[in-house]
Amino acid sequence: MVEDKQYSTLNLGPVHPATHGIFQNILTMDGEKIVDSEQTVGYIHRAFEKIAERRPFYQITTLTDRLNYCSSPINNFGWHMTVEKLLGVKVPKRAEYIRVIMMELARISDHLICNSILGVDTGAYSGFLYVMQEREKIYEIYEEVCGARLTTNMGRIGGMERDLSPTAIAKIRDLVFNSFPKVWAEFETLFNRNKIFRDRIQNVGAISSARAMEYGFTGPNLRATGVDYDVRVIEPYSSYEDFDFEIPIGHKGDTFDRFMVRNGEVWESLKIIQQAIENLPEGPYYADEDHYYLPPKKEVYSSMEALIYHFKIVMGEIDAPVGEVYHAVEGGNGELGFYLISDGGRTPFRLHFRRPSFIYYQAYPEMCKGLTISDAVVIMSSLNVIAGELDA
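Note that this is a predicted model, so its numbers are computed, not measured.

The rules we used
- Residues numbered from 1 in each chain as written.
- Predicted model: local features only at pLDDT ≥ 70, side-chain atom pairs only at ≥ 80, totals over all residues.
- Heavy atoms only, no water.
- Salt bridge = Lys/Arg side-chain N within 4 Å of Asp/Glu carboxyl O.
- Helix = DSSP H or I, 4+ residues; strand = E, 2+ residues; numbered from the N terminus.
- Buried < 20%, exposed > 50% of the residue type's maximum accessible area, 1.4 Å probe, protein only.
- Core = buried A, V, L, I, M, F, W, Y, C linked by side-chain atoms within 4.5 Å.
- Contact = heavy atoms within 4.5 Å.
- Pairing = 2+ DSSP bridges.
- Axes fitted to C-alpha atoms, helices over the stretch in contact; angles between N-to-C directions.

### Things to note about the pattern of salt bridges
- Taken as a whole, this structure holds 25 salt bridges when the rule is applied.
- Glu 49 serves as the salt-bridge partner of Arg 350, at 3.5 Å between the closest nitrogen and oxygen. Here Arg 350 is found in strand 8 (residues 350-354), whereas its partner Glu 49 is found in helix 1 (residues 48-52), with 301 residues between them in sequence.
- For Glu 49, a relative accessible area of 14% translates into the label buried.
- Between Lys 50 and Glu 53 there is a salt bridge whose closest N-O contact spans 3.0 Å.
- You can call Glu 53 buried: its relative accessible area is 8%.
- Connected through salt bridges with shared partners, the residues Glu 104, Arg 107, Arg 223, Asp 230, Arg 232, Glu 265 and Glu 330 form a single ionic network.

Pasting the structure below:
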């Protein structure tokens, strides 16, 4: 900044419709140009990591799905896989495939929200209205599977809480084979070659692959720079190695590339779900682990042993082994990691969430420098900063 020049200060957030959450950017402005930006986070800091150190492993599930609430099943299953790694629990193939279906539905829902809201932020509201109907169908599938819509809690340590019902399978099939592909193709027709939309977001908020990796970018925001890093491929989990899918990448790392990468990932998620539902294995949907998996409710009502285990698991009365594990999944925004240290007690000794939004949001001032407020809005929208994931 020039020392003797007069600048103005402008608050973008925390209460602003374009921030899509409660966080603040204090902008230093030279007329319409952004000279500098300083982020303020912590407005919804809920101390999840410290709360987790006082909760049994089971009760932490309800914390994880409130991180990135746009794709909560991915958070839940990521946490369950972390505990399963600590315990050495082997999950049946059917449960892994059901998890993949639910995680990819969550990824579609997450990208659908991000890209349609980017359209809204550039003045194009129609695409948002079209795809919200499809998100509602995904939420109806969640309801059929577990009874909840946003924060789902459908999984368990050791597998799933229940098997997929014939109704759930029918709803999934209808979505991925019939209704959604047509709607998403129409969405792309509205935006991909729209001159007004492209002029607003091309060459805006670009970041190089080298700089993105220095910041610790992962997920669509890193892949938009041309780096094909995807946790599902690099370190497969939940049988992802069984599925055939591509990793969409960009070239410039700008807002348009981030938009296009997410569009491409939606098509790949559809392919994965189609393969999983066509090849869904037979067998149990939970591991045979009396100490960690809640017994079926019918048995609890009729068997003393099942009632005892139900009580001990719910109340967190079973000690975990001593260990230190890290497990990561490919979240909607990138590598969502769980670093767990157990001292052999009934709660984590230490638990840290690797939250993608918190990591890549650090680059936001650099990406906005020299641009205008309208550019800052679409950059933030394309990064998909989720406030719940920003503040753990």
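After presenting the structure, the write-up continues.
### As for the nonpolar core
- Membership of the largest hydrophobic core comes to 112 residues, with the highest contact counts inside it found for Ile 101, Met 102, Leu 105, Leu 164, Phe 217 and Tyr 364.
- The biggest single contributor to this core is helix 4 (residues 93-121), with 14 residues.
- In this structure Met 102 touches Pro 73, Phe 77, Ile 141, Tyr 142, Val 145, Met 154, Leu 164 and Ile 172, once residues within four positions along its chain are discounted.

### Let's talk about the sheet that holds strand 8
- If you trace the three strands from one edge of the open sheet to the other, you get 6-7-8, paired in antiparallel fashion. Each edge of the sheet is formed by a strand with only one pairing partner; in this case those strands are strand 6 (322-331) and strand 8. Each strand axis lies, on average, 10 degrees off the axis of its neighbour in the sheet, ignoring direction.
- One ladder, built from ten bridges, connects strand 6 with strand 7 (residues 334-343); its direction is antiparallel. Counterpart to Gly 323 in the pairing with strand 7 is Ser 342.
- Seen against the sheet, helix 3 (residues 72-87) touches strand 6, strand 7 and strand 8 and runs at an angle of roughly 150 degrees to strand 6.

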